Amino acid sequence: MTAITMDMNTPVTKPASRWRQVWSNLRRSPSGMIGLSVLIFHLLLALLAPWLAPHDWTLQNGYQILQAPSEAFWFGTDHMGRDLLSRTMMGGREAITVTMLGTLLAVSWGGLVGMTLGFVGGRTDAWLMRVIDALLAIPWLLFLLLVIALVGQQTWTLVLTLGFFFGIAVVRVVRGATLEYVPRDFVLAARTRGESRLTIVVRELLPNVLDALLVEAAMRWAWMLLAFSSLSFLGFGVVPPTPDWGLMIADSRGMISIAPWAVIFPALALSTLIISINLTADALAKAIGLDRAKAPV
Amino acid sequence: MSEAQTMNTTMTPMLDVDNFTLGYTNAEGRLVSVLRDVSLQVAPGEALGLVGESGCGKSTLALAMMAFLRSGSQVQNGTIRFHEQDLFALKPKMLQSLRGGRIGLIPQNAGQSLTPTLKIDAQLYEALKLHSDLPRSQWRQRAIELLQQVRLPAPEAMLERYPHQLSGGQQQRVAVAMALAGQPELLILDEPTTGLDVTTQAHILELLRTLRQELGMAMVFVSHDLGAVARISERIAVMYAGEVIELGSSHQVLLQPTHPYTRALLDAIPRLDAEGLPPSLPGYPPKVGSITQGCAFAGRCPHAQPICSEQDAPLAALSGHQVRCHLAGELKRPASDSKVVQLPVQSSDEPLLMLEQVQISYHRQGLMDALLQRPAPVATVDGIDLQLNKGETLALVGESGSGKSTIMRAISGIQPARNGQIRLKQDDLNLPVEQRSKALKRRVQMIFQNPDASLNPRHTVFEILQQPLKLYFGLNHDACRDKAAELLSLVRLAPHYLDRLPGQLSGGEKQRVAIARCFAGDPDLILCDEVTSALDVSVQAAVLKLLKELQQQRGVTYLFIAHDLAVVKAIADQVAVLYQGRICQVGPVSEVFTGHHHPYTRTLLNAVLEPDPNHQPVIQGDDCSEQYPPARGCAYQRRCPLAEPRCKEQLPPWKTDGGNRIRCHLELDALATLIDRPQMIKAVNA
């Protein structure tokens, strides 16, 4: 009897809102907090880089080629004598912008199509899912290269193609998550009430698959960053002289034995960003109650 | 019953729960007690029933008797001893052999507790491997014996089946067989018959009774259904807010209840022999850990005195049974009839809903069927003629698979009828819901069985109520909010509930919100799909009363699906008994329940359980459900004890007795005399 502490007359405290609950769960995960801090650090740095960068990131200096890290150049310089610290700080801006927009696009179309297919079901669902399977089987990098070679490598082309390709996987995951809710009575209740399909998808299903969508968005973002950097590495992403990590790695990889810093620092920046997104996504999934091991990918 | 008591005192108890207090750490990080000072004993061969509303700790106690604690909980005080051994001091290895071996568990939902990908034989062998010394070669023989023991027909064939190929009752029997594999001395049954049909439930309870006599096991039977507990238990412990508040022989507890809670719980059960609605129990059980001192029931007790909320109630021993109440022995039990709620019916002769020769089939003619000229299977629902007057309640009754829900889906336009006419006054309800006009959609609304599933867990109560208001009336946000608050007051909920999520409400509150949502459209016809079967009895009575009151205020018409005949009797004006999608009997409630019965109606009525240890349900036939309705003749031909050859050939004619119509070949007088004869109970194995 000793442990019963709450007085009967005190009003029942309103339980914390759902997102507050998720946040308090997230705070208990050390890896998640590390990931989130690194992620926020990266985003702030990318945002403020033009003002924070100690040197001009496009200024070439023939007298300072391939300098090792020093007081003046913390990360050293590249083969054109440009300050690597400034370039590394600036190098994420394009990648983060393009992939963020691309993720938004992927999640929007993938989510909407996935939810609709899950809700509609039947033959439409069966046939369109086979189309999705076929699209998934396409080696995306080659196809991406083809599209870019045909249309050109403007920012919006990259956003659209990346958004399209990464949305295909989102369709599968969101459809799977939706199938769990479609047979529930609240969907049936909405149908008997005579709500339109769009209302059911947006008002009834979306709030329930939002968790899965959010975690999926974080995962797709990490993958897309890698994809974007690969494109840049191959010369199909960012146009020089705009600094970009993928491009920087590509430019300096020939000199890796004499100037390893020129490859290591951009690679480090890229990998810490991707790892931080993955850690955050993992912790978020656990905090929300989705286990990533169970999610179909 | 004196036998049971002497057994208690003379023999050492097999299971001894001694001052047991169990706590868990809640979301705010505080240790709260779910079980408080529970003391009870189970003697060898004795059956103890644990009853109470949901959330009062019955299942927690039952699982603690197997030393199974949910994660995060810890023993705060006291012990549970099994044969003098403290269960919580045992090593994991010992516990493993004890669980499923000497202590067996039968879970609530056998369909979910059997592995769907393993055949029945593999599941039984698993139990035998772990909990018997039999060599592998004898497993099959033993498995067949076990299936025979639980009266499953054709045990050899049964071994080769997968769980989904069995009916709910058969699955439950397999679960019983698995529990018996370890030859347990103590069997813990956690709501073993909840969710089963009345007839199946009666069969399973009968099986458990005979097994106990044959094998001499002790049983701990957890249920919220006092009728089921009455069938099985010799002693009953009534639990409330984690405490045992009344403990005694089942005769004492059920027939002379002393604690006000037990009395209220018993009064709230609708009964076949009572008129009108049962009185409901006001309020809800306290939240875990919210009671610091005094009697936990004081807040809801009609006899509460100042002392009740100030001092903990002592466990008083009264003529052989224990009661935790300050006023024990002083309270006189008022005549329960006076408390029954009677509400006048305001029906008119104006027909609202009409069904004429409705036929519904889930089968879709495929290309191959057409090419091979395969005949379409017999329709799931056929020949439904019903008329429902404005302001009345019509109940559809039958076992699961009898087509009740299918008819409701046809009326709501989810699964349109293949043939026949469904009309709401002059409007055509044959149209699928997408093609109906907005006004027509508004006039037909539906309330679902389980409010947990029918309310979107991510919407606040306001958002839930807003949707129909926006859809049907195009109200803006503020107007919706005013109207939503009005709707909540209609279902007796305060406006501050508007911003709650369904997860923050109790079961009864959720169902009230669902009712409010359905009244948002200001409907003419409301389809109620088993609206109270997921609720506690005390809440059920309140919800039934609310529905009846709303019917009077708003003049709405209900089409009510239920499998509980006592509930139907309490709320409905007309009743239609369905078997395999065909109507067997239809008429006014008073005449159907008291007049002539169709053989199937009689079977259903016989299987009804009463919270009375002397009441004995009569069971007949077997409980195997049929997959398809017969192609010709009477729908009930295969299970009918009175079936004649012509029943298999010709569709029986309607026999009329006043408003009571029965579809049977036998003359009404013949039905009456034949049915009153003692029934032959067909042995399932024979």
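Please read these numbers as outputs of a predicted model, since none were measured by experiment.

1. Remarks on the overall build of chain A
- Across its full length, chain A carries ten helices and zero strands.
- Each helix and strand of chain A, ordered N terminal to C terminal, gives the series α-α-α-α-α-α-α-α-α-α.
- Projected onto the principal axes, the alpha-carbon positions of chain A cover approximately 75 × 60 × 30 Å.
- Among the 297 residues that make up chain A, the fraction classed as buried is 45%.
- Surface exposure of chain A reaches about 14800 Å², of which carbon and sulfur atoms provide 68%.
- Of the side chains in chain A, 22 bear a positive and 18 a negative charge, and the two mean positions are spaced by 8 Å.

2. Focus on the overall build of chain B
- In terms of helices and strands, chain B carries 26 helices and 24 strands.
- The C-alpha atoms of chain B give a radius of gyration of 26 Å, which matches the 26 Å a tight globule of 686 residues would have.
- The principal-axis extents of the C-alpha atoms in chain B amount to approximately 70 × 65 × 50 Å.
- For chain B, the proportion of its 686 residues judged to be buried stands at 56%.
- Long-range contacts, defined as pairs at least 24 residues apart, comprise 68% of the intrachain contacts of chain B with a sequence gap of at least 6.

3. Regarding the sheet that holds strand S4 (residues 73-82) of chain B
Residue and element names in this part refer to chain B.
- Strands sit in the order S2-S1-S4-S5 across an open sheet of four strands; the sheet is antiparallel. With one partner strand each, in any of the chains shown, strand S2 (31-42) and strand S5 (85-86) form the two edges of the open sheet.
- Note that strand S1 (residues 15-25) and S4 share eight bridges and pair antiparallel. Counterpart to Val17 in the pairing with S4 is Ile80.

4. Points about the pairing of strand S22 (residues 582-588) of chain B
Residues and elements named next belong to chain B.
- Summarising burial for S22: seven of the seven residues are buried, a large majority.
- As defined by bridge partners, strand S21 (residues 574-579) adjoins S22 across six bridges and the pair is classed as antiparallel. Pairing of Ala576 across the sheet is with Val586, part of S22.
- What sits between the antiparallel neighbours S21 and S22 is a turn of two residues, in which Gln580 has the positive phi angle 50°.
- For S22 and strand S24 (residues 660-663), the ladder comprises two bridges, and the chain directions are antiparallel. When the bridges of S24 are listed, Gln585 appears paired with Ile662.

5. What to know about the domain arrangement of chain B
Residues and elements named next belong to chain B.
- We note that the domain assignment places domain 1 (15-102 + 184-323), domain 2 (116-183), domain 3 (351-579) and domain 4 (582-674) within chain B.
- On a C-alpha basis, the centres of domain 1 and domain 2 stand 29 Å from each other.
- On the domain 2 side, the residues contacting the 20 residues of domain 1 number 13 residues.
- Taken together, the two surfaces of domain 1 and domain 2 that pack against each other cover about 1200 Å², and 65% of this comes from carbon and sulfur.
- Counting the contacts that link domain 1 with domain 2 gives one salt bridge.
- One salt bridge in this structure joins Glu214 and Arg151, with 2.8 Å as the shortest N-O distance.
- The element best represented in the side of domain 1 that touches domain 2 is helix H9 (residues 198-215), accounting for nine residues.

6. Here's the deal with the packing of helix H1 (residues 18-27) of chain A against helix H10 (residues 261-288) of chain A
Residues and elements named next belong to chain A.
- In contact at an axis separation of 8 Å, H1 and H10 are set at 125° when each is read in the N-to-C sense. Our classification of the angle between H1 and H10 gives oblique. In the packing of H1 onto H10, the handedness of the crossing is right-handed. Taken together, the residues of H10 that come into contact with H1 (itself represented by Arg18, Trp19, Val22, Asn25 and Leu26) are Ala283, Leu284, Ala287 and Ile288.
- Of the residues in the contact of H1 with H10, the class split is seven nonpolar, one polar and one charged.

7. Details of the sheet that holds strand S23 (residues 654-657) of chain B
All names here are of chain B.
- The strand order across the open sheet built from eight strands is S18-S19-S20-S15-S21-S22-S24-S23, with neighbouring strands paired in mixed fashion. Each edge of the open sheet is held by one strand with a lone partner, namely strand S18 (444-447) and S23. On average, adjacent strands in this sheet sit at an angle of 20° to one another, irrespective of strand direction.
- Packing of helix H20 (residues 507-519) onto the sheet brings it into contact with S18, strand S19 (525-529) and strand S20 (557-562), and relative to S18 it is tilted by some 175°.
- Seen against the sheet, helix H24 (residues 599-607) touches strand S15 (393-397), S21 and S22 and runs at an angle of roughly 100° to S21.

8. Description of unusual backbone geometry
- Backbone geometry at B:Ala241 places phi at a positive 50°, although glycine is not the residue there.
- Tracing the chain through its elements places B:Ala241 in the loop between strand S9 (235-240) and strand S10 (243-249).

9. A word on the nonpolar core
Residues and elements named next belong to chain B.
- One finds Ile447, Ile515, Phe519, Leu547 and Phe560 to be the most contacted residues of the largest nonpolar core, which totals 74 residues.
- Not counting the four nearest positions on each side in its chain, Ile447 is found in contact with Gln511, Ala514, Ile515, Cys518, Ile526, Leu527, Cys528, Asp529, Val531 and Leu547.
- Grouped together as the second largest cluster of nonpolar side chains are 67 residues, Leu146, Met158, Leu187 and Ile291 included.

10. Considerations on the interface of chain A and chain B
- Listed as interface residues are 26 residues of chain A and, on the opposing side, 39 residues of chain B.
- When the two sides are added together, the surface that chain A and chain B hide from each other amounts to roughly 3300 Å², 52% of it contributed by carbon and sulfur.
- Where chain A touches chain B, the interface holds one salt bridge.
- Every element with two or more residues in the side of chain A that touches chain B is listed here: helix H7 (185-193) and helix H8 (197-234) of chain A.

11. A few points about the packing of aromatic side chains
All names here are of chain B.
- Going through the model one piece at a time under the given rule, you end up with twelve aromatic pairs over all chains.
- Measuring from ring centre to ring centre gives 5.9 Å for Tyr125 and Trp139, while their planes differ by 35°; the resulting arrangement is tilted. Of this pair, Tyr125 sits in helix H5 (residues 120-131) while Trp139 sits in helix H6 (residues 139-149); the two residues are 14 residues apart in sequence, bridging distant segments of the chain.
- Exposure remark for Trp139: the relative accessible area of 9% places this residue in the buried category.

12. Some points on the confidence of the model for chain A
All names here are of chain A.
- Here chain A shows a mean pLDDT of 82. Residues at 70 or above account for 91%.
- Across residues 1-15, confidence stays below pLDDT 50; counting only partners more than four residues off in sequence or on other chains, it has 29 contacts.
- Throughout residues 291-297 the model reports pLDDT below 50, and contacts reaching past four residues in sequence, or to other chains, amount to eight contacts.

13. Describing the UniProt feature "transmembrane region" (unreviewed entry) in chain A
Residues and elements named next belong to chain A.
- As recorded in UniProt, the feature "transmembrane region" (unreviewed entry) lies at residues 33-53, 95-120, 127-150, 156-174, 221-238 and 258-279.
- Taken end to end, residues 33-53 comprises 95% helix and 0% strand; its first and last C-alpha atoms sit 27 Å apart.
- Structurally, residues 95-120 comprises 100% helix and 0% strand, and the distance from its first C-alpha atom to its last is 36 Å.

14. Considerations on the pairing of S4(B)
Residues and elements named next belong to chain B.
- As paired elements, S4 and S5 share two bridges and run antiparallel to each other. Bridging from a neighbouring strand, Phe82 pairs with Gln85 of S5.
- With antiparallel pairing between neighbouring strands as the criterion, S4 and S5 make up a hairpin whose turn holds two residues, including His83 at a positive phi of roughly 50°.

15. Structural notes on the UniProt feature "domain: ABC transporter" (unreviewed entry) in chain B
- If you check UniProt for "domain: ABC transporter" (unreviewed entry), the listed places come out as residues 15-266 and 362-605 of chain B in our numbering.
- End-to-end, the C-alpha atoms of residues 362-605 of chain B are 30 Å apart, and along that stretch the chain is 42% helix and 20% strand.

16. Some points on the confidence of the model for chain B
Residues and elements named next belong to chain B.
- Predicted confidence across chain B gives a mean pLDDT of 83, with 92% of residues reaching 70 or more.
- When mean pLDDT is taken per element in chain B, strand S8 (residues 218-222) scores highest with 92 and helix H1 (residues 2-10) scores lowest with 45.
- Confidence drops under pLDDT 50 across residues 1-9; counting only partners more than four residues distant or on other chains, this segment forms twelve contacts.
- Contacts from residues 676-686, a stretch scored under 50 in pLDDT, to residues over four places away or in other chains number 13 contacts.
- Interface confidence for the predicted complex, expressed as ipTM, amounts to 0.77; the pTM equals 0.81.

Criteria and cut-off values
Residues numbered from 1 in each chain as written. Chains lettered and ligands numbered in written order. Predicted model: local features only at pLDDT ≥ 70, side-chain atom pairs only at ≥ 80, totals over all residues. Heavy atoms only, no water. Helix = DSSP H or I, 4+ residues; strand = E, 2+ residues; numbered from the N terminus. Buried < 20%, exposed > 50% of the residue type's maximum accessible area, 1.4 Å probe, protein only. Areas by Shrake-Rupley, 256 points an atom, 1.4 Å probe, with all protein chains shown as cover. Lys, Arg positive; Asp, Glu negative; His and termini not counted. Charge placed at Lys NZ, Arg CZ, Asp CG, Glu CD. Rg over C-alpha atoms; globule rule 2.2 N^0.38 Å. Contact = heavy atoms within 4.5 Å. Pairing = 2+ DSSP bridges. Domains from an automatic or database assignment. Buried area = accessible area lost by both parts, 1.4 Å probe. Salt bridge = Lys/Arg side-chain N within 4 Å of Asp/Glu carboxyl O. Axes fitted to C-alpha atoms, helices over the stretch in contact; angles between N-to-C directions. Parallel < 35°, antiparallel > 145°, perpendicular 65-115°, else oblique. Left-handed = near helix turned anticlockwise from the far one by under 90°. Nonpolar A, V, L, I, M, F, W, Y, C, P; charged D, E, K, R; others polar. Core = buried A, V, L, I, M, F, W, Y, C linked by side-chain atoms within 4.5 Å. Phe/Tyr/Trp six-rings, centres within 6.5 Å; stacked < 30°, edge-to-face > 60°. pLDDT = per-residue confidence, 0-100. UniProt positions renumbered as here; feature names shortened; annotations may be inferred.

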